[in-house]
Amino acid sequence: MNLIEAIIAVPDHRHPRGIRHPLWLILTIILLGSCTGYWGYKPLVNFTKNPRATLIKLFNLPPDIRFPSDSTFRNIIHSLDFEVIAVLFNVWSQQTLPINPL
């Protein structure tokens, strides 16, 4: 399982009528942005602007995609069950990055 597959396994509890962006994409942007110093809702929006072409190519997104807004990042971050994400991340990391005892 790769990291995106692990992120796709995070349950999406949003009402289908209001979904504009897949949850895996929002969570991946949050993860990548946070790892590169983009902390906060508005900095995450800036993160999608700086490497826009790279994100589009990397995730095979349509070239005219509108990335999530700061309020979308805020809503997702506030509504997430981080325990679920932590468990999925730990399972992925243990499968991908085995730790060898010394």
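Presented here is a report on the structure given in the accompanying data block. (Residues numbered from 1 in each chain as written. Predicted model: local features only at pLDDT ≥ 70, side-chain atom pairs only at ≥ 80, totals over all residues. Heavy atoms only, no water.)

## A few points about the overall build of the chain
Next up, step 1: If you tally the helices and strands in the chain, you get six helices and zero strands.
Next up, step 2: Sequence-ordered secondary structure for the chain, helices as α and strands as β, is α-α-α-α-α-α.
Next up, step 3: A principal-axis box enclosing the C-alpha atoms of the chain has dimensions of 45 × 30 × 25 Å.
Next up, step 4: Expressed as a percentage of the 102 residues in the chain, the buried residues total 28%.
Next up, step 5: In the chain, of all internal contacts separated by at least 6 residues, the share reaching a separation of at least 24 is 56%. (Helix = DSSP H or I, 4+ residues; strand = E, 2+ residues; numbered from the N terminus. Buried < 20%, exposed > 50% of the residue type's maximum accessible area, 1.4 Å probe, protein only. Contact = heavy atoms within 4.5 Å.)

## Focus on the packing of aromatic side chains
Next up, step 1: Taken as a whole, this structure holds three aromatic pairs when the rule is applied.
Next up, step 2: Aromatic side chains W24 and F59 sit 5.7 Å apart centroid to centroid with 70° between the ring planes, which places their arrangement in the edge-to-face category. Note that W24 is positioned in helix α2 (residues 23–35) and F59 in the loop between α4 (52–58) and α5 (70–79), a separation of 35 residues in sequence.
Next up, step 3: A relative accessible area of 15% means that F59 is categorised as buried.
Next up, step 4: Plain terms: the ring middles of F89 and W92 are 5.5 Å apart, the flat faces sit at 45° to each other, and that makes the pair tilted. With F89 and W92 both in helix α6 (residues 82–96), this residue pair falls three residues apart, about one helical turn.
Next up, step 5: Its relative accessible area of 38% is what places F89 among the partly exposed residues.
Next up, step 6: You can call W92 buried: its relative accessible area is 13%. (Phe/Tyr/Trp six-rings, centres within 6.5 Å; stacked < 30°, edge-to-face > 60°.)

## A look at the side chain of H21
Next up, step 1: Positionally, H21 belongs in the loop between α1 (3–8) and α2.
Next up, step 2: When residues no more than four places from it in sequence are discounted, the contact partners of H21 are R14, I26, R66, F67, P68 and T72.

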